[in-house]
Each structure stands twice: as C-alpha cells, then as structure tokens.
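Structural characterization, general
Residues per chain are reported as follows:
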Amino acid sequence: MSITSLITAVDLQEMVNHTVFPIWFLIGAALVFFMQCGFAMVETGFTRAKNAGNIIMKNLMDFCIGTVVFILIGFGFLLGEDVSGIIGRPGFDIFTDYQNFDWSGFVFNLVFCATAATIVSGAMAERTKFISYCIYSAVISAIIYPIEAHWIWGGGWLAQWGFHDFAGSCAIHMVGGISALIGAKILGPRIGKFKKDASGHITKVKAIPGHSLTLGALGCFILWFGWYGFNGAAATTGPQLASIFVTTTIAPAVATFVCMIFTWLKYGKPDVSMCLNASLAGLVGITAGCDVMDAAGALAVGMVSGVLVVFGVWLLDYVLHIDDPVGAVAVHMLNGIWGTLAVGLFATKSAPESGLQGLFYGGGVELLGKQIIGIAAVGIWTAIAITITYLVINATIGLRASAEEEIHGLDAAEHGLTSAYADFMPAPAAGASMASGINTVDTQTAVVKEAAVPVVGDVEAAERAKISKVSILCKQNRFEELKAALNEIDVMGITVTQVLGCGVQKGNTAKYYRGVEMDMILLPKIKVEVVVSNVPVKKVIETAVKALYTGHIGDGKIFVYDVENAVKVRTGEQGVEALQGSPED
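Quick notes on the rules
Residues numbered from 1 in each chain as written. Predicted model: local features only at pLDDT ≥ 70, side-chain atom pairs only at ≥ 80, totals over all residues. Heavy atoms only, no water. Helix = DSSP H or I, 4+ residues; strand = E, 2+ residues; numbered from the N terminus. Polar contact = N/O pair within 3.5 Å; in protein donor to acceptor, adjacent residues only side chain to side chain. Contact = heavy atoms within 4.5 Å. Patch = residues over 30% accessible without salt bridge, like charges linked within 9 Å, V, L, I, M, F, W, Y side chains within 5 Å. Areas by Shrake-Rupley, 256 points an atom, 1.4 Å probe, with all protein chains shown as cover. Salt bridge = Lys/Arg side-chain N within 4 Å of Asp/Glu carboxyl O. Buried < 20%, exposed > 50% of the residue type's maximum accessible area, 1.4 Å probe, protein only. Phe/Tyr/Trp six-rings, centres within 6.5 Å; stacked < 30°, edge-to-face > 60°. Expected span 1.5 Å × (residues − 1). Bend = angle between axes of the 7 residues up to and from the residue. Pairing = 2+ DSSP bridges. Axes fitted to C-alpha atoms, helices over the stretch in contact; angles between N-to-C directions.

Quick notes on the side chain of T128
Position of T128 among the secondary structure elements: in the loop between α4 (103-123) and α5 (130-153). There is a polar contact of 2.6 Å between the side chain of T128 and the backbone oxygen of M124. Contact partners of T128, with chain neighbours within four places excluded, come to K58, Y133, Y136, L187, L399, A401, L410 and E414.

Points about a nonpolar patch on the surface
A cluster of nonpolar side chains, namely V68, L72, I73, F92, F95 and I143, defines an oily patch on the protein surface of about 530 Å² accessible area. For the nonpolar patch, the element with the highest residue contribution is helix α2 (residues 52-79), accounting for three residues. The topology assignment puts F92 in the loop between β2 (87-88) and α3 (93-96). The exposure class of F92 is partly exposed, given its relative accessible area of 43%.

A few points about the packing of aromatic side chains
Taken as a whole, this structure holds 21 aromatic pairs when the rule is applied. With a centroid separation of 4.5 Å and 35° between ring planes, the pair formed by F112 and F230 is classed as tilted. Separated by 118 residues along the polypeptide, F112 in helix α4 and F230 in helix α8 (residues 213-232) bring together distant segments of the chain. Through a chain of ring-to-ring contacts, the aromatic side chains of F25, F108, F112, W153, W227 and F230 assemble into a single cluster.

Examining helix α12 (residues 328-346)
Taking 1.5 Å of rise per residue, 19 residues should cover 27 Å, and α12 covers 25 Å from first to last C-alpha, within 8% of that figure. A maximum bend of about 30° is found in α12 at N335. When you tally the buried positions in α12, you get 17 out of 19 residues, the bulk of the element.

Some words on the pattern of salt bridges
Close approach of charged atoms lets side chains of opposite charge pair. Following the criterion strictly, the structure yields 13 salt bridges and no others. We note a salt bridge from E406 to R400, for which the minimum N-O separation is 2.7 Å. Exposure remark for E406: the relative accessible area of 2% places this residue in the buried category. For R400, a relative accessible area of 24% gives the class partly exposed. We note a salt bridge from E480 to K483, for which the minimum N-O separation is 3.3 Å. Here K483 and E480 lie together in helix α18 (residues 479-488), a separation of three residues that amounts to about one turn. By relative accessible area, E480 is classed as partly exposed at 49%. Residue classification places K483 among the partly exposed residues on the basis of a relative accessible area of 36%. Three or more residues are tied together by salt bridges with common partners; here these are R48, E126, R190 and D323.

Details of the sheet that holds strand β10 (residues 556-562)
Each strand in a sheet pairs with its neighbour through backbone hydrogen bonds, running either in the same direction (parallel) or in the opposite one (antiparallel). Across the sheet, four strands lie side by side as β6-β9-β5-β10; this open sheet has antiparallel pairing. Edge positions in the sheet fall to β6 (495-501) and β10, since each has one partner strand and no second. The average angle at which neighbouring strand axes cross in this sheet is 20°, direction not considered. As defined by bridge partners, strand β5 (residues 468-474) adjoins strand β9 (residues 523-532) across seven bridges and the pair is classed as antiparallel. Directly across from S471, in β9, lies its bridge partner E529. Across the sheet, α18 is in contact with β5, β6 and β9; its angle to β9 comes to roughly 5°. The strands touched by helix α19 (residues 537-548) within the sheet are β5, β9 and β10, with β5 carrying the most contacts at an inclination of about 10°.

Here it is, written out as structure tokens:
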C-alpha cells in the first residue's frame, strides 16, 4: 500500500470521527427526544380513556419544564466544573458565552434528563394532581438527576472510580423507577385496585385494564426504535456503534420471547401487555452494558429481564400492594438495577472499544463490586431526595386528586376535557357550540322552543295502538347479517349502539390481565333497538334468532318492551303514525 493511500485512509478516518459521529450524536439525541412520544403512548394505552389527555399533558410538560430548569441549574450541576467529585458548578455559559457553548452536549443531556422524569408519570397515573406532578418533575430534572448523573458522566467520583453505565440503566432508569416506586407508595392505589375486608386488610387484587393496547404497542415500537439512539448516540467508532445496535436488538427480543413463554405457561395465555413491558425491560437491562457486552451477554440479560418484569409486576400487586398501572417499577427500577449489575458479570474486551472484563469473562469481582456500590449510592441519593420532595408537596398542596376527580377522570377535573376522544363521543359535549343552524340543548333559545311543532292527534287512541320495542344484543361479527335480515322484513328503522357486557358466564373469567385474574370480563357487543307496530314482534324475533344463531355461548339475547307512545318531533304525529315513513323522511 502506498504512502498516499495510507494518508488518504487516515484522513478519511479523521473526517468520519470529526464530522460523521458528531452529526450522529445529534441524530441520536433526536431519537431520544422522539421516545417521549413512545412513553406517552405506552402510558396512555395502559390506563383508562378518561385520563388520556392528562397523561399526554404530563409527558409534554416533562420535557418543557425540564428544559427550563435544565437551562437554569440542571446542566451546570451535571457538566459544570467538578466540585470534589460530587457536583458540577452551576453557570450561565449558554447566555454569557454562547459562541463557545457545548450545544451538542446540552441537547443530548437534556433529552436524557427528560426521560428520567417521564418514567415516574406512568406509576402515579390516574390519581396525581397536575400541579404536583409539574413540581416534582421539575425537581427531578433540576436537582436529583443532574447530581447523580454528574457522578457517573460528568467527571464525578463514580466516573473516577471506574463505575460503568454507558447509556443510563442506573443513571436514568433506576432513578426514574425508584422515584416511581416511592411516589406510588405515598400516593396510594387507584380506587378499586385492591379489595379490603372490614379490618382494612387487602383480600383481593383487582385488574384495571388499560383502554388501548394498540396505543401501548405503538409506544413500545417507538421506544424500541428510539433506543438505538439512546444506546448508540455516544458511540465513537463504526464497529462500536454496530455492536451496540446488535446488543440493543438481542436483549429486548429475547426478553419478549421469554416473557411470552413464561406467561403462557403461568397464566394459560401469552400476556400481551406483559410482553410489551418485557420488550422495554430488555432494553433497560442492556442499556448500561450495551457497549461492553457481546451477543451471549445480551442474550443472558434479555432472558433475566423477561422473567424479572413479570416478577416485578406480581411483587407490587400481591406483596407490596403498590399500584403501578403501567409497570414502570418492574421495567425501569428492577431492570435498571439488573442491567447495571450485569456489566460486572458480562463485560468483555471482545466488544469494540471495551476495556472492561466482567466476572463471567475472567475479570474477577472488582468491576461487579464497583457496580454494586454505584447502584447503592445512586439509589440512596434518589430515595432520600425524592421522598423529601413528595412529603413536602403532600404536606402543602397535596399529591393526590380528590376521589370525585379520580372517578370522573383527570381529563375533566384538571383540563376541562370531556374526553380526549371527542370525535368518538356519542353526543356533543355540554355547552359545545355546534354548526350554524343546529341547536344543542344548552344553546336552544326560547324562540326556537316556541316554534316547535305541537303534538297532534288523539292521544288516547295513540296509547291504545300496540307499539313494541325489541332490543337485541349480539356479537359484533353478526351485525351485518342481522341488519340485512331486518331490512328484508321491512323494519323501518334501527338504532345501533356499541356496548360492553357479559352474561351469566361473566365473560369466561378464567383470564388474566398482567397476572391478575379478571373478576368479570366485559365483552364488546352491539345493541340493536327497533320499534315496531305493523311488523309483528314474533317475526322480528324469529328473524333475529335466525340471523344470529351459531349454537355457541354468547350468541346474544333479545328483550321485548311495551311502548306507551311515540312522538315524531318534526311533525308532532303520535303512536303508530309516528313510526310510519313519508316521502320527506
């Protein structure tokens, strides 16, 4: 090889190191920011619809409030001039010396800081005051996270001592998980989560399913995608980046597979929500050592994470009796601890740019000991600081929303939202303004009321005429057959409602949600209501039975009611006449 080609190769490598990787560093930061969307979707999907807007708002404000306090003091505490290995010296270089400021470092560390704060949201969901949430989120972003992150990444005592946490199993996920655990404990469970006897002892754990596993799955995939930036952004060479991508893929995939098998064996069916949690658990587990582990190490991390997340959910429900709607403690705290310990077990010098060697690769217990001490130090700091924060908030403005607000939903109580899904509501919100010419009850004027058509006809004769209402509950997949059959016998109109319900079988209750047996499963059904006079009720019933019958449990039920009278609002016609069509109808 010629001298020229050698110089060219060296120059090319320098160009990659000084140009490409700084750009990738910022792209990675953008991926981590996009993870906020993933957290929002997971938390929203795993909780009830009446709190969806509140959860979205909290995840939004995590980043926005975090940015403000990180500018003021957080960034200085994390990356400022080191003071005795404990804390960075706060400064305002972003304002006073902007041209020489570390813009990339600021953005990168800001998005990580926001991640630590947002973990807490899920465990305390559906019952936390919004103002209280904003305050403790600000404390995490301004003080708790920056100080311990300085120990690990800012040149502090743990970094000097040789503690290793490449992307945040300890610094971010364990810290967020500990904060979530303590917060959920102080806050107390959601109303209806635990059944108690007369003496106050918990006798039963009750499942409270989230309203959309679809949103939860979307959030999981977004987080997994963003995690390639989360773990890989700080890579400094191509081989190291590629290796990080490999370990970041293996661990969550194995964790999810193991969780699927485990829940299938334990509960009789593979648990969807638990498997989504397992994917995140595997990602959390590999985060600390993604740069120093090989494929075997990543596989081992994933296997443990897949079982550990199920154990964690069970532990909180059945032993600690702490209500964590989304599994944040099991995913982030337990697997954050496990991932940090795993560095001391599976680190290997065969990984690109790795100079560490764990216990199972001939490195002895020295690294493992450092990891244990680091976990203990960060855990103690976090527990003390966040407990003080919660207790001060609870003693002043209070942490928990009122029982009435919790029952109605925090969307309405905290944000004035009737629903986060307004377009899917069956009726307009009270007081909502409608399109011109259409009146709601709240906006109807006295003039409009006076103009209404008076009721006409012989009221007594109308009452004597036979009018019946037939209410049919059926499976969703049989509705089209039923609709066509009713049309064939000249039923003039139907009203269709999507409902939830179950019969005497209680929806087949031998089913589990996140390891908790369901007392009663409300199944999606269609309720079809028809009011008839000319068409014989018997004919309607026979037609419906013929359309719906399969011979299996859950075919449906039919209820028949006598109707005293009917009034057509537009014309004022009563009784049978009100049910008849006209050229204008």
